[in-house]
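# Structural characterization, general
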Amino acid sequence: MSRHLRDRLPEWLVTLPPMGWLAVLFLLPTVLIFAISLRPADPFGGIGAGWTLDHVRALAAPHYVIIAARTVLFSLLTTAICLFLALPTGYYIARAPGRWRQTLLLLVVVPFWTSFLIRIFAWKVLLHPDGLFKQALACLRLVSADAALLYHPPAVLLVMVYTCLPFAILPVYAAAEKFDFQLLEAARDLGAGRFQAFLRVFVPGIRRGVLTAVLVVLIPALGTYVIPDLVGGPTSEMIGNKIAQRVFVDRNLPHAGALAALLTLGVLLPMAAVLVLQARGRRRAPTDEEGL
Amino acid sequence: MSALLELQDVAKAFGRVRAVDGVSLTLDRGEFFSLLGPSGCGKTTLLRIIAGFETPDAGRVLLNGRDITALPPNRRPVNTIFQSYALFPHLTVRDNIAFGLRVARRTRREIDDAVDRMLALIQMEGHAHKKPDQISGGQKQRVAVARALVNQPSVLLLDEPLAALDLKLRQRMLMELDLIHDQVGITFLYVTHDQGEAMSLSDRIAVMDRGRVLQTGTPAEIYEAPRSSFVAAFIGDTNFFEGRVAGLDGDYCRLAIDGFADVRCFNDKQIGPDQPVFLSVRPEKLHIAREAPAAKPSINAYQGRVDDVIYLGAMTKYWVRVDGHRLAVHRQHSRFLLDERPIVWGETVWISWHADDGYMLERFSEADARLVERPPEKIGDVPDDAPAGEDAP
């Protein structure tokens, strides 16, 4: 037993720092949030003594249900649109000749050179009634001259897709780069059209990349709060905005904790589902001696 | 038999490389036809043109008399076995085989019946639920064959299908492919660089080099009557002689070759006196003995010295020096351990061959002559390798 422990000691030593980091900076705060949500609020913005389920019950209020539903809807729509755009993009980058591939990847990553907040403010300018984007659309008669783009749900969706898209393209590309494109020739040879080969062979072939893209888009999208805050209006509030409001305006930490706990559970569920899908075990291939 | 697939002056270049340079071929229905050539000879490009993955720069591809040159691969009634098999890793063996039928929107009953028949043909009923990474290389090969054949293609294209298997398994799959071909009666077009595979399976072979077809014929025609030095050297081993016609003698002629007095040869090409001639004589057609053979006009016999001996069991390869020439001679043995008294290195021997066993070539090049296997005469004496280009993408 002691010998077993001694043999594994280096392994433990290597694992300890990251595990400690996660425990102190992730697990502990999460547990604290869950705990705080069960405490009463104190009128000076602190946490009262004793335990209560009031804040958890308050989550069932109709306006929260609407906001929760909107949060899920916006996030799912963002994920779907991002995937729809990322699949062909990842495919074409992976098939591009070597030097082009580097350039295209760079273009995907370039937005990260600018601060997230500044990019969202840029959209505010673009979508503003006198902004370039709005004027261009009006010129093309795609929107009427007095249409309001800013402060409405479509603007929130647009900016959410804009910020999440690189996070969808990169995992799709990473999977597509390892994809054996001869499989597409095989599919075409067996009678599949281009689109059918793409759907039946390419997309399942990069399944893991697609699942990763879903995770890294859906989870941040569920927690979005700056985007609806800056480009959204009263009809585009999401759970993140409510949490911020409870913390900074109402100074009701337990109430905010209950909302945050709800969001955490909402994130953990799809993540667990994806992890189960990804972890589907594979068995060993037989050798030819056994196989024949 | 009637023409099923016809290629008319097909050409394809990649940049400045002429991968396929004016190829015309006709495949008969039900035939097992091989494209044989070294890597980079254009055989795979030709196959991809037939499958529809490449568009030829010139020429036409006709299938059953219909021009299919412009059709995309999914609308051609041909199917391909890829060298790496290209099985879909996310689908089971059954779903892989069913893929073509599903895409063609056949009924569930039809699909199930057809797939079951294929699984029975390849003896893999017990593995239908497995994924490709759970079966062996030989099994993958069979699934690839079934996945193609289930669509009942007019032509089955096989792109070096055995190259990924080890030697022993290759022999076995070779026999299996032959059995499958006999059973399904579909035309097979088989691409390979392995002359053994091509010889043992094919009804006919087209030998390719540098984008051109050099000769088409049955394995026996290709082996016994090679038109050029490339065909003679690429398929099997041979000895080349260069000389000129010294005199005519009915259907035969007498050749003057440096170091060989008065070589008699069947003059099937009606070559006139003083014309240059290139002769190919296969090593197994040469006889080696200690005593001079009985003098007959039809026998060419010369004295030489054994330079090198390689005993291979089934036969022995001798290299015999006859006045500056090094001739390869293959000899089979009988009663080897009793009283054959095998010829050994350094002995003086008689080499002889029948006048009908020498074959006159239409074309000869020194580069081809270097293709035939010769043991080095000194250490480090390595023949220049021909530029080993990969087959065009």
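Parameters at a glance
- Residues numbered from 1 in each chain as written.
- Chains lettered and ligands numbered in written order.
- Predicted model: local features only at pLDDT ≥ 70, side-chain atom pairs only at ≥ 80, totals over all residues.
- Helix = DSSP H or I, 4+ residues; strand = E, 2+ residues; numbered from the N terminus.
- Buried ≥ 20, exposed ≤ 12 C-beta atoms within 10 Å, placed from the backbone.
- Contact = placed C-beta atoms within 7 Å.
- Domains from an automatic or database assignment.
- Nonpolar A, V, L, I, M, F, W, Y, C, P; charged D, E, K, R; others polar.
- Pairing = 2+ DSSP bridges.
- Axes fitted to C-alpha atoms, helices over the stretch in contact; angles between N-to-C directions.
- Parallel < 35°, antiparallel > 145°, perpendicular 65-115°, else oblique.
- Left-handed = near helix turned anticlockwise from the far one by under 90°.

Check the secondary structure of chain B and you find nine helices and 20 strands. Projected onto its principal axes, the C-alpha coordinates of chain B cover approximately 75 × 50 × 40 Å. Counting all 393 residues of chain B, 40% fall into the buried class. Pairs at least 24 residues apart make up 67% of the contacts formed inside chain B by residues separated by at least 6 positions.

Right, let's get into the domain arrangement of chain B. Frequently, the measure chosen for interface size is the accessible area that the parts lose on association. All names here are of chain B. As assigned here, chain B comprises domain 1 (3-229) and domain 2 (230-369). One C-alpha centre belongs to domain 1, the other to domain 2, and the line joining them spans 38 Å. For the side of domain 1 that touches domain 2, the secondary-structure elements that each account for two or more residues are β9 (204-209), β10 (212-217) and α7 (219-224). For the side of domain 1 that touches domain 2, the class distribution of residues is six nonpolar, four polar and two charged.

Turning next to helix α8 (residues 182-189) of chain A. Counted residue by residue, α8(A) has seven buried out of eight residues, so it is predominantly covered. Within α8(A), the full set of buried residues consists of A:Leu183, A:Leu184, A:Glu185, A:Ala186, A:Ala187, A:Arg188 and A:Asp189. Those residues of α8(A) that are buried lie in contact with α9 (194-205) of chain A together with α1 (43-51) and β6 (78-81) of chain B. Just downstream of α8(A) lies A:Gly191, where phi reads positive at about 110°.

Moving on: the pairing of strand β3 (residues 32-36) of chain B. All names here are of chain B. Counting buried residues along β3, five of its five residues qualify, which places the element largely inside the surrounding structure. Of the two faces of β3, both are covered, the one formed by Phe32, Ser34 and Leu36 as well as the one formed by Phe33 and Leu35. By the bridge criterion, five bridges tie β3 to strand β8 (residues 187-192) in an arrangement that is parallel. If you follow Leu35 over to β8, its bridge partner there is Val191. In the sheet, β3 pairs with β9 via four bridges, with the strands oriented parallel.

This paragraph deals with the interface of chain B and chain A. Across the boundary between the two partners, chain B contributes 26 residues, which contact 24 residues of chain A. Elements with a minimum of two residues in the side of chain B that touches chain A: β6, α2 (93-103) and α4 (137-149) of chain B. Ranked by residues supplied to the side of chain B that touches chain A, first place goes to α4(B) with four residues. Classifying every residue of the side of chain B that touches chain A by side-chain character gives 12 nonpolar, 12 polar and two charged.

With that settled, the discussion passes to unusual backbone geometry. The bulk of non-glycine residues show a negative phi, and the bulk of peptide bonds are trans. The backbone of A:Arg251 shows a phi angle near 50°, a positive value even though the residue is not glycine. Mapped onto the secondary structure, A:Arg251 falls in the loop between α12 (239-249) and α13 (253-278). Its identity is not glycine, yet B:Asp274 carries a phi of approximately 70°, on the positive side. Looking at the secondary structure, you find B:Asp274 in the loop between β13 (260-266) and β14 (276-281).

Attention now moves to the packing of α2(B) against α4(B). All names here are of chain B. Two numbers describe how α2 lies on α4: the axes approach to 7 Å, and their chain directions differ by 30°. The pairing of α2 with α4 is recorded here as roughly parallel in orientation. The hand of the α2/α4 crossing is right-handed. Contacts between α2 and α4 involve Val93, Asn96, Ile97, Phe99 and Gly100 from the former and Val143, Ala146 and Arg147 from the latter. The residue inventory of the contact of α2 with α4, partitioned by class, reads five nonpolar, two polar and one charged.

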